[in-house]
Amino acid sequence: MALTTSTADDARNHARAPGGDPNPVVNAIANTVTGLRADDDMAELLKVFDSLEPQAIEKLDPANARRQPTIADAVKALLQRQHRPTDPEALVPGVTSRDTTITASRGTVLPVRIYTPSGHGPFPVVVFFHGGGWVIADKDVYDGGARGIAKEAQAIVVSVDYRQAPEHKFPAAWDDAADAYAWTAAHAAELGGDPARVALAGESAGGNLAVATAIAARDAGLPTPAHVLTVYPVAQTSLYTESELANAVVKPLNRPMVKWFVEHLIRSEDDLKDPRLQLIEADLAGLPPVTIINAHIDPLRSDGAKLEDALRRAGVPVERRDYDGATHEFFGAAPVVEKARQAQAFAGERLRAAFGAV
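Here the residue numbers are simple positions, counted from 1 along each chain's written sequence. Per-residue local features of the predicted model are confined to residues with pLDDT of at least 70, and side-chain atom pairs are confined, for both listing and counting, to 80 or more; whole-chain, interface and lining totals are unaffected and use all residues. Note: side-chain values were computed over all heavy atoms of the structure, leaving out hydrogens and water.

1. Focus on the pairing of strand 8 (residues 318-327)
The pairing criterion for strands is at least two bridges between them, as found by DSSP. Every helix listed is a DSSP run of H or I at least four residues long, and every strand listed is a run of E at least two residues long, numbered separately from the N terminus. In the sheet, strand 7 (residues 290-297) pairs with strand 8 via 7 bridges, with the strands oriented parallel. Residue Thr291 lies in a different strand from strand 8, and its bridge partner there is Glu319. Looking down the strands as they point away from you, a crossover is right-handed if its path from the first strand over the helix to the second goes clockwise. Traced from strand 7 through helix 12 (residues 301-313) to strand 8, the parallel crossover comes out right-handed.

Written out as structure tokens, the structure reads:
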């Protein structure tokens, strides 16, 4: 999550597109329902998010959707109201970062942010994929989650900006994710990392990419990841799961937004059957241990539960935690949300165990 002030942040916070304002009745219901079910600190963050006047993503074109305020912006605004620092390195001391690019095997140049914990390496390495429905957001918006993983796991984190739809439809992001993993496995030592201890992680759409990349690595004969951390992943393509219906109008992610993301992503309805999207029907056998983190107030909660069941059927060790009182996007909000701190600590514990560094 990007907590530093920038022109891009300012532009995003003031971008207004014609016809994109939320329906006032639905918006009021969403605020009420989410507020009643969320923990106090989560509800406070969502109130600040609402004060930034985000438009309805599902009513916008991708260009305007990418300019909308994010939960990361709300975290920054809340910290400012609390007269607390917003600099990422002050919020997560002991982790430094630098931006660079990598060239994937297909020739695509991918921007990455590399986080390095303090101390002496070689460190384990985590390849991280951000969320945003494969259409919006980037490594800046998801800085909080990636930086928290680096701290809690005492690992180098390589956060990848993969190509996005609709400019680059399915499966471009999956190709980039697999390439980024292959590149990191081959260059881990150059980063100060241990090539024998490389894991995968991601949030939301990126959580899907983390699991799909583990499958791709297995099928390509690449080194097996030490672990897969997947945070509120997209694991199937139905809009009629229990949590999709129960959380149809909550914030910050609702059912119409999920539908909008998918419509911009796919080339045709046939893509919905692809096991890279329909992970619960993929061949999951032989994957490394998996950790699933879910938010209870989230249309994607059932995806995590269904993925857990599918992994167990395939004989894959898996542990899932569902954080009551938390919403989608909570994981990167550790500076202001207690459940996010707990979830990041749990993620770090699981990764450290996988790396043999408990």
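2. Overview of helix 7 (residues 143-153)
When accessible area is computed with a 1.4 Å probe and restricted to protein chains, residues below 20% of their type maximum are described as buried, those above 50% as exposed, and intermediate ones as partly exposed. Across the 11 residues that make up helix 7, a large majority, 9, are buried. Among the residues of helix 7, Asp143, Gly144, Gly145, Ala146, Arg147, Gly148, Ile149, Ala150 and Ala153 are the ones counted as buried. Trailing helix 7 by a residue or two, Gln154 shows a phi angle of about 50°, which is positive.

3. Digging into unusual backbone geometry
Following Gly121, the chain continues into Pro122 via a peptide bond in cis, with omega recorded as 5°. Structurally, Pro122 is set in the loop between strand 2 (109-117) and strand 3 (123-129). A cis amide bond, omega 5°, links Lys251 with the succeeding residue Pro252. Position of Pro252 among the secondary structure elements: in the loop between helix 10 (242-246) and helix 11 (255-265). Despite not being glycine, Ala137 shows a phi value in the positive range, around 70°. Here Ala137 shows up in the loop between strand 3 and helix 7. At Ser204, a residue that is not glycine, the phi angle is positive and equals roughly 60°. Looking at the secondary structure, you find Ser204 in the loop between strand 5 (193-203) and helix 9 (205-220).

4. Structural notes on the packing of helix 3 (residues 40-51) against helix 5 (residues 71-81)
Helices that pack against each other are described as a pair by the angle of their axes relative to one another and the distance between those axes. The angle between two axes is taken between their N-to-C directions and runs from 0 to 180 degrees, where each axis is a line fitted to C-alpha atoms and a helix contributes only its stretch in contact. At a closest axis distance of 8 Å, the pairing of helix 3 and helix 5 adopts a crossing angle of 105°. Judged by the inter-axis angle, helix 3 sits roughly perpendicular to helix 5. Counted together, Glu44, Leu45, Leu46, Val48, Phe49 and Ser51 of helix 3 and Ile71, Ala74, Val75, Ala77, Leu78 and Arg81 of helix 5 form the full contact between these two elements. Angle categories: roughly parallel below 35 degrees, roughly antiparallel above 145, roughly perpendicular from 65 to 115, and oblique for all the rest. For this analysis, residues touch if any pair of their heavy atoms sits within 4.5 Å.

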